[in-house]
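Letter by letter, the chains look like this.
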Amino acid sequence: MSSEKIISHSEASTRFNKDVERVNWHDETLWFVREKRDKAANLIPDWELLRETASQIKHNVLSNIHDYLVEFEANAQKNGITVHWAADAKEHNEIVHSIMAKHDVKQMVKSKSMLTEECHLNDYLAEKGIEVIDSDLGEYIVQLRKEPPSHIVLPAIHLKKEDVSETFHEHLGTEKGNFNPQYLTESARQSLRNTFLTRKVALTGVNFAVAETGEFVVCTNEGNADMGAHLADVHIACMGFEKLIPQRKHLGVFLRLLARSATGQPITTFSSHFKKPRDGQEMHIVIVDNGRSTQLGREDFRNSLKCIRCGACMNTCPVYRRSGGHSYHNAVAGPIGSILAPNLDMSKNADLPFASTLCGSCTNVCPVKIDIHDQLYKWRQVLVKEGHTPAAKTIAMKTMATVLANPTVFNIAGKSGRFVMKNIPGMVNNKMNKWYDQREMPEVPEESFREWYKKNSRESKAKDNE
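Residues numbered from 1 in each chain as written. Predicted model: local features only at pLDDT ≥ 70, side-chain atom pairs only at ≥ 80, totals over all residues. Heavy atoms only, no water.

Taking an unreviewed UniProt entry as the reference, the protein is identified by name as 4Fe-4S ferredoxin belonging to Flavobacterium limi.

### Some remarks on the packing of aromatic side chains
Following the criterion strictly, the structure yields seven aromatic pairs and no others. Measuring from ring centre to ring centre gives 4.2 Å for F301 and W379, while their planes differ by 15 degrees; the resulting arrangement is stacked. Of this pair, F301 sits in the loop between α13 (292-296) and α14 (312-316) while W379 is found in helix α18 (residues 372-385), placing the two residues 78 residues apart along the sequence. What makes W379 buried here is its relative accessible area of 0%. Here the aromatic cluster, defined as three or more aromatic residues joined through ring pairs, consists of F449, W452 and Y453. Positioned above the aromatic ring of F254, the side-chain terminus of K58 is 5.8 Å from the ring centre. The side chain of K393 reaches across the aromatic face of F354, ending 4.0 Å from its centre. (Phe/Tyr/Trp six-rings, centres within 6.5 Å; stacked < 30°, edge-to-face > 60°. Helix = DSSP H or I, 4+ residues; strand = E, 2+ residues; numbered from the N terminus. Buried < 20%, exposed > 50% of the residue type's maximum accessible area, 1.4 Å probe, protein only. Lys NZ or Arg CZ within 6 Å of the ring centre and 35° of its normal.)

### Quick notes on a nonpolar patch on the surface
The grouping of L197, M227 and L231 at the surface amounts to a nonpolar patch, some 290 Å² of accessible area in total. Positionally, L231 belongs in helix α11 (residues 224-231). L231 sits in the partly exposed class, given a relative accessible area of 40%. (Patch = residues over 30% accessible without salt bridge, like charges linked within 9 Å, V, L, I, M, F, W, Y side chains within 5 Å. Areas by Shrake-Rupley, 256 points an atom, 1.4 Å probe, with all protein chains shown as cover. Salt bridge = Lys/Arg side-chain N within 4 Å of Asp/Glu carboxyl O.)

### Overview of the domain arrangement of the protein
One can read the domain layout of the protein as domain 1 (44-290), domain 2 (301-385) and domain 3 (394-465). Just the C-alpha atoms count here: the centres of domain 2 and domain 3 sit 33 Å apart. (Domains from an automatic or database assignment.)

### Quick look at the sheet that holds strand β2 (residues 107-110)
Taken together, the six strands give an open sheet; going across it, the order is β1-β10-β7-β4-β2-β3, and neighbouring strands pair in parallel fashion. Two strands bound the open sheet, and with one partner strand each, they are β1 (82-86) and β3 (131-134). Along the sheet, successive strands turn relative to each other by an average axial angle of 25 degrees, direction set aside. Pairing geometry for strand β7 (residues 234-240) and strand β10 (residues 282-288), over seven bridges, is parallel. Bridging across to β10, G240 finds its partner in V288. (Pairing = 2+ DSSP bridges. Axes fitted to C-alpha atoms, helices over the stretch in contact; angles between N-to-C directions.)

### Regarding the pattern of salt bridges
In this structure the tally under the stated criterion is 28 salt bridges. The partner of R256 in a salt bridge is D46, with the nearest N and O atoms 3.7 Å apart. One end of the pair, R256, is in helix α12 (residues 251-262); the other, D46, is in the loop between α2 (20-42) and α3 (47-63), with 210 residues separating them in the sequence. In this structure R256 comes out as partly exposed when scored by relative accessible area, which is 34%. A residue is classified by how much of its surface remains accessible, and D46, at 29% relative accessible area, is partly exposed. Between K455 and E447 there is a salt bridge; the shortest N-O distance is 3.6 Å. Since its relative accessible area comes to 27%, E447 is described here as partly exposed. A single salt-bridge network, built from bridges that share partners, covers E118, E242, R292 and R309.

As structure tokens, then:
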């Protein structure tokens with residue numbers, strides 16, 4: 001497990017913003033993906049009906065999760081799949097390791113799985129002497145760089161082709177300075193081919209698990225999950241319990257929403273159904289809680305479990321686009337990560353719900369209609385009440401509340417502030433003032449709005465009485 005010191009979102013985003021050109025590029029690239037999403041959504045007349053239907057299906061699942069889990073387990077077992085239950089990340093990692101130890105295997109090929117990122121599976125297996133190769137191209141790139149993914153769909157979106165070229169030159173021996181995307185992609189493909197052919201154990205994530213049939217669906221654009229799972233002797237699939245949907249017919253709703261919301265595509269290139277192991281193969285599925293039941297019990301936050309991990313909220317979020325995914329110090333970044341993370345650890349993730357403008361754009365694009373910005377606001381209230389905000393900020397907010405609640409104190413504070421800004425600007429325009437650090441302070445007004453209004457009201461009345 002990583003023992004690195006957690007850097008707050010504000011500090012990490014400050015570091016990211018030092019490279020202005022990269023920040024602008026990151027912002028524009030993600031907004032381009034958001035625009036593709038809008039175009040794809042507008043091509044479907046019943047888009048809003050699809051969103052509402054998906055939201056209601058998920059609501060039904062969360063309200064009847066016990067029954068659907070029991071049904072899924074029974075049907076999966078009938079299909080020949082071994083079902084495991086993990087209460088937390090530790091138990092999840094131990095289960096995966098036990099399967100590998102049973103087969104005396106020291107190597108694994110893995111496709112994209114945000115759950116395993118959440119559980120820090122790669123680090124855990126590395127400590128046990130097991131080599132894990134991520135086969136998704138973006139995940140492969142960041143793994144070579146020893147970085148976590150910065151986005152749940154586009155793991156290496158923070159990197160330019162020049163960065164990838166340097167990484168591949170260092171680790172794969174590619175031609176230095178050649179940053180042609182086709183050349184780099186082919187180099188990765190050639191490097192991974194032997195991995196697919198030689199790994200006996202493959203791990204995949206799960207996009208949707210169908211209670212009615214006991215099958216699960218994995219969506220990729222590269223086919224890497226299929227390559228790993230179909231060539232391996234053992235297929236391990238890992239999922240949070242919220243990935244369940246009731247019936248196979250409901251897949252049509254979610255598959256129409258997922259890719260359009262994520263990348264603006266009509267559908268993912270590969271939507272692969274896994275129902276039973278092939279002859280001679282073992283298939284395992286690990287169903288994980290890891291705080292989800294706690295979130296399910298929080299009335300204000302349970303809807304966050306509807307998330308289908310499309311990343312649309314990240315692509316539209318002005319804070320995420322200009323602060324980078326790594327500033328969130330959590331497996332899932334952006335707005336959705338900021339309402340999931342405090343549930344796991346309030347103290348560790350108390351800064352994340354404040355990394356938002358509360359503009360509501362995330363809620364507007366969410367394909368399952370999660371009230372993301374409302375939950376961000378509610379988490380702020382919970383965190384303050386629980387004492388997880390910095391003492392200086394708490395004192396400042398309490399002071400401000402006192403000032404705003406008392407008209408006399410408010411007037412005195414306003415006059416004092418204008419006097420200081422006008423006559424002693426250094427008390428405001430300094431490094432201690434984080435607001436000033438990023439902006440030019442406005443010109444000091446001669447009077448407050450209240451004073452202006454009173455004066456003009458008197459003059460207006462006087463004219464009326466003439």
